[in-house]
Amino acid sequence: MKRVIWFVLFCSIMIIQSTYAQNKVTEQQKSEYAKGNRDRDFLKEYIEALKVDGQTEILNDVIDEYLMTLPFNERYVGENLSDFMEYVTRVDARTFIDIIKNWEKLSLSQEQADQVAVKVDNMCKMDLFNVMMEKEEENGKRPAKDYTDLQTILKKSSIPISDMRRYMIDMWQCWGKNDVSGMIQVLGKMVGDSDSSQEYEKNGNSLSLDTMFEGVVIGNMMNYVLEECNLDQCSQILEIMDHAIEKNGRTGRMEMFARMRDNFEGKKMMMEMGEE
Amino acid sequence: MKLTGIVFLLFISLSGIAQQPESLKDSVIKKWENIQLPEKGAVRTILAEREEIARYLKMNDAPAEVFQENGAQAIHRIADLCKKVGEELQLKPSVIKKVLKGVDLSTKEFLACTNLGLVIEDYYGLKAVAEGAPVGEAWGSMWFNTTVETIGNEYDYSRYRQILELNNPELSLAYLSCLKSVFRYNGYTKGLDELRPLFEKNMPEGELKDEINKLYESYAHLKEGNVAPAFTLKDFRGKEHSLADYKGKVLVVDVWATWCGGCIAKLPKYMEMSEKYKDRDDIEFITISIDDKGVYNSWKYALPRLKLMGMTNLLASEGECTFQEDYNITGIPRYFLIDKEGKIVSVYAPTPGKDFETLINRTLKNSND
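Since the model is a prediction, treat every value here as computed from it, not as a measurement.

Looking at the pairing of strand β4 (residues 283-289) of chain B
Residues and elements named next belong to chain B. In terms of burial, β4 is a largely internal element, six of the seven residues being buried. Across seven bridges, the pairing between strand β3 (residues 250-256) and β4 is parallel. What sits directly across from Val-253, in β4, is Ile-286. The pairing of β4 with strand β5 (residues 312-315) spans four bridges and is parallel. What sits directly across from Ile-286, in β5, is Thr-312. Viewed along the sheet, the connection from β4 through helix α14 (residues 296-305) into β5 turns out right-handed.

Below, the structure written as C-alpha cells:
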C-alpha cells in the first residue's frame, strides 16, 4: 500500500514538473527567436510559454510576428483576434498597420469590428500621449516621432476610428513641419466638427480619461501655436474658437478649447499693446 | 397577578423612570427642535421653555448631562435669535446671564452636549454681548476668513483664552484643535502670540499640544515685525524683481494662480484698491502667481485679460524658487502687507476691502510718523 502511495506521488510530481517545464520559456526559445526563427509552430509554442510566464511586453512582438505568418483569412479569427486585442499594443506593429490597411477585407462581426476600431483608436491616442510625455521629459519643442505612414494609411482606410484621432495625427504632422497655418486649419476642423468638439457619450469615466490624454497632446500642440502664431493667425484662431463655442457651448471638450482660447485672447491683447 | 404586572409596567413607562439618560437627552433635543418661537417675546418663551424642561428633568431625576444639554439648547436658540435680529433684539446683560447660568463649561457633563463646538462659540458669543460687544463681532470672525476676512478679532482670542483659563483639559482638547486652522488661515497672529504663555501652561500635554507647538515654531518667522523672507522673481519680460527693490515703499502683494477661481474673482477688488493709491509713490501693489512653470503661457496671457498689465506681476513656480515654502503658501488667495523697512505687517492680510485698506493706511501712517 505504501509503495502505491509513493508511486502515485512520484508520478504526480513528474507530470507537474514536465508540464511546467513544457510551458516555461526556455533559453533556447529566446535564442532561436533572436536568431530570426519565425516558424509558425515554434512561434505558437513560444507565445504559449510567454503567456504562462506573463511576459506581456515581448508578446506584442512575438504575436505580431506569428499573426503575420498566417494567411490573411486566419489572422484575425478566434484566439488570434483575442491575442491581437489583448497583447498587441504598439502602433509600429505590422498587424496594427495590416488591420487598418485591410479593414474592408476583414471578416468581423459588428461587435468585433467596433471593438477593434476602439482599440486602434486608443492605441493611436496612447502612442501620441506617450511620445508627448517623452518629449516633455527631453524638454524638446518638436515632436520626436513622424506619423506619415500611419496618417497615409488612415486616410485610405474606412476603419471607423474617431475624427478627433485623425485630426490629432494631422495636427501632429503639421507640427513636425512647423506648419502653424496647417495646424490652425486642422484646429478649425477639430472644433468645427460637433462630434469631435463634444464629449464622448459612453460614460463619465472614459470622458475624463480621454479628455486628459487628449488634453496633454492637444494642449502641447496648441501651446506651440500660441508661441509661434502672428497677430493674423491669432485672430483667425479666436474666430474659429468663438464660432465653435457659440455653436457648442463650453461643455465637454469645448471647455478645454475654450481655456486655450483665453490664452490666444491674452496673446492678441499683448501683441496689440506691443508687448510681443 | 397579571393585572398588577401591567399596572406596574404602565406606571414605570408613564413616570419616565424607565427612560435611559440617552433617551431623556434625545427627548430634550426633540422638544427644542419643535419649539415655535413667537415674533414678540421669543426670549421670554425660550427662558420659560428651559425652566419647564428643567422641572420635568428634575422630576425624572435626570443626570447632570441632560440638564447641561437643556441649557446648551437654550443658549443656542437665544444665540441664533441674537445673530438673526442683531442689536435690535436689545438683550439685557441680566437676561443673558440668566441664560448662561447653570451651563458649566468646567464640567465633564458639559462635554457631552451635542454640537459642542457651536455651543462653546454661542456661550462665549452671548457672554461677549453681555459684556458690551457689538453682536456683529461677538462671535469672532475666524471661521469665514477664506471668503470674507483673513484676520480674526479679539473675541476669537478671548474665547481661546477663557477656555484655557478654565483649565478643563478635556474641554481644551475638544475645542482647541481649531487653533491649527487659525494658523493655517491667519498665520502667526498677535493674538496667537499673546495666547502662547497660557497655552504652554494650561494646555494638556499630548499630541495636540505638540502639533500646535510645531505650528508655533514653523510660523514664527512670519510673525508681525519680522523681516519678510527675501525673494527674487521674474516678470513676464524676464526682468528680475527682488523684495529689496521695494525698500522705502509699503508693499502690497496678491498671491494668486490662474487655476484659482476665488483669486481671480477677487482680483478686480484688488485692482480697485490699488487705484486708490495710484498717486502715491510710497506704496506699491504687485501680484505673485504660484502657477507651475509648465503653464507659463496661461499665466503670461492671463495678465492682459485680467487687466493686470498696469502693475508688476511675478511668477513663483514651485521648484524654481523657495517663495511658496518661505511664506507657507498652503492656500490662495493670500495677501501680504510689508512695511517700508521690509518687515512683515501681515502675510495673512484681509481680503481686499475696507479692513485691508484700514491696515494699509495705518501702515502708511506709522511709516511716515
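Concerning the domain arrangement of chain B
Residues and elements named next belong to chain B. Taken domain by domain, chain B consists of domain 1 (1-139), domain 2 (146-223) and domain 3 (232-368). Contact residues are listed per partner, giving 18 residues for domain 1 and twelve residues for domain 2. Overall, the association of domain 1 and domain 2 removes approximately 1200 Å² of surface from exposure, summing both partners, and the carbon and sulfur fraction of that is 63%. Sorting the residues of domain 1 by area buried against domain 2 places Leu-111, Ile-120 and Tyr-124 first, and these three jointly supply 38% of that buried surface. At the boundary of domain 1 and domain 2, one finds zero salt bridges.

Observations concerning the interface of chain B and chain A
The partner chain A presents 13 residues to the nine residues of chain B that form the contact. When chain B packs against chain A, close to 1100 Å² is buried across both sides, 58% of that on carbon and sulfur atoms. Considering only the side of chain B, the residues that lose the most area to chain A are Asn297(B), Tyr301(B) and Arg305(B), jointly responsible for 55% of the buried surface there. Applying the counting rule to chain B against chain A returns two salt bridges. For Arg237(B), the salt bridge identified is with Glu275(A), shortest N-O distance 2.5 Å.

Side note on the confidence of the model for chain B
Low-confidence regions, as indicated by low pLDDT, have predicted coordinates that should not be scrutinised in detail. All names here are of chain B. With 91% of its residues at a pLDDT of 70 or more, chain B has an overall mean of 89. Every residue in residues 7-18 scores below 50 in pLDDT, and together they form five contacts with partners more than four places removed in sequence or on other chains. Residue range residues 144-150 is modelled with pLDDT below 50. Its contacts to residues more than four positions away, or to other chains, number 17 contacts.

Some details on helix α13 (residues 261-276) of chain B
All names here are of chain B. Bending of α13 peaks at approximately 35 degrees at the position of Leu-267, with proline Pro-268 no more than four residues after it. Among the residues making up α13, those that are buried are Cys-263, Lys-266, Leu-267, Tyr-270, Met-271, Met-273 and Ser-274. Those residues of α13 hidden inside the fold are in contact with β3, β4, β6 (334-338) and α16 (354-368).

Topic: the pattern of salt bridges
All told, the structure shown has 34 salt bridges over all chains when counted by the stated rule. Glu357(B) is the salt-bridge partner of Lys276(B), the closest N and O atoms lying 3.0 Å from each other. With a gap of 81 residues between them, Lys276(B) in helix α13 and Glu357(B) in helix α16 connect regions that are remote in the sequence. Of the residues examined, Glu357(B) reaches a relative accessible area of 17% and is grouped as buried. Taken together, the shared-partner salt bridges in this structure form one network comprising Lys44(A), Glu48(A), Lys51(A), Glu79(A) and Asp83(A).

Quick look at the environment of Asp104(B)
All names here are of chain B. In this fold, Asp-104 is placed in the loop between α5 (93-100) and α6 (116-130). According to the relative accessible area criterion, Asp-104 is partly exposed, its value standing at 33%. Setting aside its immediate chain neighbours within four residues, Asp-104 contacts Gln-68 and Phe-110.

Some details on the packing of helix α10 (residues 178-186) of chain B against helix α12 (residues 207-219) of chain B
Residue and element names in this part refer to chain B. Running from N to C, α10 and α12 cross one another at 15 degrees; their axes reach a closest spacing of 10 Å. With respect to α12, the axis of α10 lies roughly parallel. Note on packing geometry: the crossing formed by α10 with α12 is left-handed. Between α10, through Leu-179, Lys-180, Phe-183 and Arg-184, and α12, the contact on the second element is made entirely by Leu-208, Glu-211, Ile-212, Leu-215, Tyr-216 and Tyr-219.

Rules used in this analysis
Residue positions within a chain follow its written sequence, with the count starting from 1. Following the order in which they are written, the chains are lettered starting with A and the ligands numbered starting with 1. Local features in a predicted model are, by the rule used here, given only for residues with pLDDT of at least 70; side-chain atom pairs are given and counted only at 80 or more, and totals for whole chains, interfaces and linings are based on all residues. With hydrogens and water excluded, all non-hydrogen atoms of the structure serve as input to the side-chain values. Per-residue accessibility, obtained with a 1.4 Å probe over protein chains only, is compared with the maximum for each type, and a residue is labelled buried under 20%, exposed over 50%, and partly exposed between these values. Working definition: helices are DSSP H or I runs of at least four residues, strands are E runs of at least two. Numbering for both runs from the N terminus. Here the rule is simple: two strands pair whenever DSSP picks up at least two bridges between them. When the strands point away from the viewer, a crossover counts as right-handed if the route from the first strand across the helix to the second turns clockwise. The split of the chain into domains comes from an automatic or database domain assignment. By the convention used here, residues are in contact when the closest approach between their heavy atoms is within 4.5 Å. Defined here as a combined quantity, buried area equals the accessible surface (1.4 Å probe) lost by two parts on assembly, summed across both. For this analysis, a salt bridge means a side-chain nitrogen from Lys or Arg found within 4 Å of a carboxyl oxygen belonging to Asp or Glu. Each residue gets a pLDDT score, which is the predictor's confidence in that residue and runs from 0 to 100. Consider a residue and the seven residues that end there alongside the seven that start there; fitting an axis to each set, the bend is the angle between those axes. Working convention: axes come from line fits to C-alpha atoms, limited for helices to the stretch in contact. Angles between N-to-C directions cover 0 to 180 degrees. Should an angle fall under 35 degrees it is taken as roughly parallel, and over 145 as roughly antiparallel, whereas 65 to 115 is taken as roughly perpendicular and any remaining angle as oblique. If you view the pair so one helix is near and one far, a crossing is left-handed when the near helix is turned anticlockwise from the far one by less than a right angle, and right-handed when it is turned clockwise.

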